[in-house]
Structures are given as C-alpha cells and as structure tokens.
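Coordinate inspection notes
So you can see what is in the structure, the chains are spelled out below.
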Amino acid sequence: MLDGFTAWPPEFADRYRALGYWRGRTLGSLLRERALATPEHTAVVDGRHRWTYLEVDDRADRLATGLHRRGMLALPAHRETELVHLARLSGARTYIAPDVHLGHDHRALARTLLAEAPQLREVLVAGEPQEFTALAGVDADPLPLAGPDPSDVALLLLSGGTTGAPKLIPRTHDDYLYNATASAQLCGFDASTRYLAALPVAHNFPLACPGLLGTLGVGGTVVLTPTPSPDDAFPLIERERVTATALVPPLALLWLEAAGWTRADLSSLELLQVGGARLKPETAKRVGPELGCALQQVFGMAEGLLNYTRPDDPEDLLLETQGRPLAEHDELRIVGPDDREVAPGGTGELLVRGPYTIRGYYRAPEADRGAFTPDGFYRSGDLVRRLPSGHLVVEGRVKDVINRGGDKVPVEEVENLLLAHPAVHDAALVGVPDDVLGERNCACVIAQGAAPTRAELNAHLTGRGLAAFKLPDRVVVLDAFPRTALGKVNRRELAALVRESEHG
Ligand code: OOB
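Here the structure is a predicted model, which means the values were calculated and not measured.

Another aspect to go through is the domain arrangement of the protein. When cut into domains, the protein gives domain 1 (10-26 + 151-395), domain 2 (68-137) and domain 3 (400-503). Taken together, the six residues of domain 2 in the interface contact eight residues of domain 3. When the two sides are added together, the surface that domain 2 and domain 3 hide from each other amounts to roughly 490 Å², 51% of it contributed by carbon and sulfur. Here domain 2 is connected to domain 3 by one salt bridge. The residue Lys470 makes a salt bridge to Glu82 at a minimum N-O spacing of 2.7 Å. Considering only residue class, the side of domain 2 that touches domain 3 consists of one nonpolar, two polar and three charged.

In structure tokens form, the structure reads like this:
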C-alpha cells in the first residue's frame, strides 16, 4: 500500500464492494480480458500504426517487466515549475517523456528535473533519447509479476489546484475501474466504438470518462491524434470512422466553426462529450445541427464525482444542465457558507462522497483539512444548483481557480511567482469573462518603481518554467487593491474593477 494515501474507512469499502462498485479487479485485467476475447481487434491507432489487443497487451507486459515501477503522469503543457514539484511530491523514480512535442524539447526539461528532484533516477524517451534511455528499448520477456492489490493506488491524477502548485490525486484500481466501465456503459460504448482521444490522455476526462480506458474495457478502438485541432482531428475522424470524442468548450466552438467549411466526412460521429468548463447553451444548441451528432455535457473532477447528461434526457436538460451523478450512491450535499444544506433548488457549494471520490490528496495533510469535511465529503469549490430531476447547473466557483477554457489556473501559484519580480510590489490574478475561453487570466499588479509590462512579466514567468496557459493574458497596474474587512484582497471587486476598465 502506498503511504500518504487516505483509504476509504472500512465500513464504506465494505459497502462499495457489497453494492458491486468495487469488483476486486485491476486496470491491467481490463486489457488482458479483451486481449483474450478479441486478440486481433484493433485496440489503438497512432498515426499509420495500428495495434491489436494482443499486441498492446503483450507490449504492456514487456514494458511492465522492464520497468518494475510506474513513472508519473503530467500534462504535456506542464513545464519545469509544475514537474519539479510533482516529481518531488510523488517520489517518482522514472520520468517518461516524448523527445520533442509540438516544438518543445522535453529532454531539456528532463535535465532540469534530474537536477532538482534527487530521487529521480531514470529518464525514458519516446523517440530520439540523446543521453537518456530509449523507451522502445525497455523490453523484457514477461515475468509473472505479482499483480497489485485492487484496493491500492493505480495512478496519481493531477488536481486543477486551488492553492499553490497542483496536488496529486490517488485513484485506486477498484475505484478507477468503476469510473471507466460505468461511464462506458452509460455512454453506450461497445466493441464497435471508435474513440478519438483529442484531449491530453493524462487528463481524467479523455482517460476514463469513458475515454481511453472505458473504450479498451469494452473492446473498442482508441484513435490518437497529435493535436485536437480540426486540421489533425477531422481527417482522422473520416479515415478511422470515429464515433465518439470529448472536448472542452473552446475546442467545441472551434470544431463548430471548422465544420462549416471542412471537406472531411464527419458523418460517423455519434457522440460529442463536452466538459471541463461551463458550456454556453447557445453553443450547446449548435452541436446537433452543425456536427450531426449527439451532445453530452460532462461535469467532472479528477477527485472523482462525474455528472453526465443521459442520451434520453429531454432537450432542455441536455442543453442547459451539466448532467447528474454517475452512481446511485454518490452522496451530494449543496451547502451555504455555514456548511448547512441550502433549500431545495438553491445555489450552494457542492460537497460529495462516494465510491469513486477520493478521501484525501496524496501526501498533503494540510490541504486535506480544507478540502474535506470531517465526515469525508470532498469540497468541490463549485457553486451549483440542483433541479428536481437531479440534474446540476454549475453557477460559479468559491475557490481561487481560474477556469481558462478547461485549463485550471491555480491563482496563488502564479501570484507567488509574480511577487518574485523586482518591479512587483503586490499581485493578484483574477479571471475576466471571455467569449471563447469562458475566462481569461488578468494580473493586477501594484508596481514597485517603474510599472512592468505584460511582456516582461510573462518572460519572467516563462523563465521560471510556468506552463503557458497560466500566463496573464492581460496586466493591469493599480495603485491599491480593494480589500475585505479582514484585509484580504477582495477578488470579486477587483474583477469588477478590471471589467469596468475594459469597457471604459
Ligand atoms: C475536469 O476535471 P478537473 O479536475 O480538471 O477540473 C474539475 C473542475 C470542476 O470542479 C469544475 O470547477 C470544472 O472543473 N468543471 C466544469 C465542468 N466540468 C468541470 N465546470 C462547468 N461545467 C462543466 N461541465 O474538468 C473533468 C474531469 C472529468 C470529466 C470532465 C471534466
């Protein structure tokens, strides 16, 4: 058992087993079963390369035997700041990366990581390894390795992060297998499903909602694309007759625009899932007529809880809500600032407990005290309203995170780095509304001497290894910040000030 992992209390674990949520199987068994059932069926398509179930299963076994230990998961957009933190926190021994991805050399990044995270021993590179080890060469005759315990941690996902740097989310085989397979069932996935993994597969949504794992679990085919842009994705949809995919709202908008002029045949597409940030009803309405497929709204979180609209939901619920919980035994509470439940239909913070929602972050006891109630409910930080049907409408957020088109920007992390700039006396990052992204990053700065420009600040942040999606889209220099009675920066007023300055 991994230390630093908060398991479910025994009475809950017993209950989830008795109710059939946890089946005592590992994620690896998902693949193995399909490899036995349909060995010659195509499991994964990557460029021109097609892998059967037998080949993927065999390669996984050889790699596993060669590796012994798993590495770490990060998003391709993450840079030195995030990765050094994650490498130290996870205690990862191995870092697996591409050689060059979308113009960024990940081997240079690996050098920094090796220097800054002492427990890291090895870097495996997919492609040209330079001084590192080629991933393709990690291969050994499969040994009957002792399988992991299904109640143990299978992988560490990343939190959008509410304070400071991202936190690690321990997901067990039992809970994540349920997450993927129940989602696949809800979405009607089967062996004829061809799922396009358009979003980065280290993210919960394309990984297991139902995503890659859900598709492989029912014997379907996963199609990989280098980027989610219509230029890359549309030809693949046509060539591979893709039936389902998942996008964040800004990408859905981009696809809708591109569908107007594309020559690609998108008629195979049956389902478009959209989630990660609030989808506007105006955009939702266009999906059916303009892309010729069904829309599903997904309101999920790496910490667990998933809400889906159902295929047979009436149109107003499909277009205007973010769905309802996946599991019958997801326990939801919608509470006011006093932590008491609001009246039915009222808006409050969503708290959740259930068979696939974590009870604590990985090695972060301090963060846990704020993020979980004493009786084990996760505080999502999302403000929601529940309709009589059980469907949720996401109304906003109580936590300090900017949702930039699905990318979660941890405000405090960026502010701390801004404060390190010599021309910055004080800094606050606020979200301002944006038609395409939903929200954009605006850095409010009180200067020390000559006011810094956005270019200077962004060069400073990039130099510190911050991911591009966290950089301020706008910088506003002020003499003072509005503050609360307690002296904290009043973010709501600050955001209003910025909005006024945009229109004035
Ligand atoms: C997904 O997961 P995370 O962990 O990157 O972010 C979770 C947060 C939620 O707490 C909420 O604030 C926001 O992202 N969110 C939405 C949303 N879906 C997620 N806000 C409004 N409408 C939605 N449909 O983002 C995620 C995980 C699994 C499936 C889908 C999304």
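Turning to the side chain of Asn179, a few remarks are in order. With respect to the element layout, Asn179 can be found in helix 6 (residues 173-186). Beyond its immediate sequence surroundings of up to four residues, Asn179 is in contact with Arg171, Asn204, Ala208, Cys209, Gly304, Leu306, Leu326 and Tyr356.

Let's shift gears to the packing of helix 4 (residues 80-90) against helix 5 (residues 106-116). Viewed as axis vectors pointing N to C, helix 4 and helix 5 meet at an angle of 40°, and their least axial separation amounts to 10 Å. The pairing of helix 4 with helix 5 is recorded here as oblique in orientation. Crossing hand, helix 4 versus helix 5: right-handed. Taking contact as the criterion, the partners of Glu80, Leu83, Val84, Ala87 and Arg88 in helix 4 are, on helix 5, Leu109, Thr112, Leu113 and Glu116.

Time to look at the pairing of strand 12 (residues 244-247). Covered by surrounding structure in strand 12 are Ala244 and Ala246 together with Thr245 and Leu247, the residues of both alternating faces. As defined by bridge partners, strand 10 (residues 194-197) adjoins strand 12 across two bridges and the pair is classed as parallel. Residue Leu196 lies in a different strand from strand 12, and its bridge partner there is Thr245. Where strand 12 lies against strand 13 (residues 271-275), four bridges are found, and the strand directions are parallel. If you follow Thr245 over to strand 13, its bridge partner there is Leu272. Where the polypeptide runs from strand 12 across helix 10 (residues 249-259) and back to strand 13, its parallel neighbour, the crossover connection is right-handed.

Around the ligand sit 19 residues, and of these Gly276, Val298, Ala302, Asp382 and Lys408 come closest. Within the side chain of His203, one N or O atom sits 3.1 Å away from an oxygen atom of the ligand. At 3.0 Å from an oxygen atom of the ligand is found a side-chain nitrogen or oxygen belonging to Lys408. Taking 590 Å² as the accessible area of the ligand by itself, protein coverage stands at 93%. When residues of the shell around the ligand are traced back to their parent elements, those giving at least two are helix 7 (204-208) and strand 14 (294-300). It is strand 14 that provides the largest number of residues to the shell around the ligand, a total of three residues. Considered class by class, the residues forming the shell around the ligand number nine nonpolar, seven polar and three charged.

Before going further, it helps to examine the environment of Leu216. Here Leu216 lies in helix 8 (residues 211-217). Residue classification places Leu216 among the buried residues on the basis of a relative accessible area of 10%. Separated by 16 residues in sequence, Leu216 and Pro200 have C-alpha atoms that sit 17 Å apart. Non-local contacts of Leu216, meaning those with residues more than four positions away in its chain, are made with Leu31, Arg34, Ala43, Tyr53 and Val222.

A few words on unusual backbone geometry. Note that the residue after Cys209, namely Pro210, is joined by a cis bond; omega there is -15°. In this structure, Gln130 is a non-glycine residue whose phi angle is positive, near 50°. Tracing the sequence through the fold places Gln130 in the loop between strand 6 (122-126) and strand 7 (133-134). The exposure class of Gln130 is partly exposed, given its relative accessible area of 40%.

Across the interface, helix 10 lies against helix 11 (residues 281-291) with an axial gap of 10 Å and an inter-helix angle of 35°. Handedness of the crossing formed by helix 10 with helix 11: left-handed. Between helix 10, through Leu253, Trp255, Leu256, Glu257 and Ala259, and helix 11, the contact on the second element is made entirely by Thr283, Arg286, Val287, Glu290 and Leu291. Each residue belonging to the contact of helix 10 with helix 11 can be placed in one class, and the counts come to six nonpolar, one polar and three charged.

Where helix 2 (residues 27-37) is concerned, the buried positions are Leu27, Ser29, Leu30, Leu31, Arg34 and Ala35. Check the buried side of helix 2 and you find it contacts helix 3 (53-67), strand 8 (153-158), helix 6 and helix 8.

We now examine the sheet that holds strand 24 (residues 438-447). With mixed pairing, the three strands of this open sheet are ordered in space as 23-24-25. Every interior strand has two partners, whereas the edge strands, strand 23 (424-434) and strand 25 (474-478), have only one. For this sheet the average axis-to-axis angle between neighbouring strands, irrespective of direction, equals 30°. Summarising the sheet, strand 24 and strand 25 pair through five bridges and their orientation is parallel. By the bridge assignment for strand 25, Cys444 is matched with Val476. Sitting on the sheet, helix 14 (residues 411-419) touches strand 23 and strand 24, and the angle it makes with strand 23 is about 145°.

What counts, and where the lines are drawn
- Residue numbers restart at each chain and count upward from 1, following the sequence in its written direction.
- Totals for whole chains, interfaces and linings use all residues, but because this is a predicted model, local features are given only for residues with pLDDT of at least 70 and pairs of side-chain atoms are given and counted only at 80 or more.
- Neither water nor hydrogens contribute to the side-chain values; these are computed over all heavy atoms in the structure.
- Domain segmentation is taken from an automatic or database assignment of domains.
- Whether two residues touch is decided by their heavy atoms; if any such pair falls within 4.5 Å, the residues are in contact.
- Two parts lose some accessible area (1.4 Å probe) when they are put together, and adding that loss for both gives the buried area.
- The salt bridge criterion pairs a side-chain nitrogen of Lys or Arg with a carboxyl oxygen of Asp or Glu, the two atoms within 4 Å.
- Residue classes follow a fixed rule: Ala, Val, Leu, Ile, Met, Phe, Trp, Tyr, Cys and Pro count as nonpolar, while Asp, Glu, Lys and Arg count as charged, and any other residue, Gly among them, counts as polar.
- Elements are defined by DSSP. Helices are runs of H or I of four residues or more, strands are runs of E of two residues or more, and each kind is numbered from the N terminus.
- All axes are obtained by fitting lines to C-alpha atoms, using only the stretch in contact for helices, and the reported angles, taken between N-to-C directions, cover 0 to 180 degrees.
- Convention used here: angles under 35 degrees read as roughly parallel, angles over 145 as roughly antiparallel, angles from 65 to 115 as roughly perpendicular, and any remaining angle as oblique.
- Helix crossings are classified by the rotation of the near helix relative to the far one: an anticlockwise turn of less than a right angle makes the crossing left-handed, while a clockwise turn makes it right-handed.
- Relative accessibility decides the category of a residue: with a 1.4 Å probe and only protein chains considered, values under 20% of the type maximum give buried, values over 50% give exposed, and everything between is partly exposed.
- Only strands that DSSP links by at least two bridges are regarded as paired with each other.
- When the strands point away from the viewer, a crossover counts as right-handed if the route from the first strand across the helix to the second turns clockwise.
- Note on terminology: near, applied to a residue and a molecule or strand, indicates that one of the residue's heavy atoms is within 4 Å of it.
- Polar contacts, as counted here, are pairs of nitrogen or oxygen atoms within 3.5 Å of one another; within protein the pair requires one atom able to donate a hydrogen and one able to accept it, and residues that are adjacent in sequence qualify only if both atoms are side-chain atoms.
- Under the convention used here, a 1.4 Å probe and the Shrake-Rupley method define accessible areas, while residue burial counts only the protein chains that appear.

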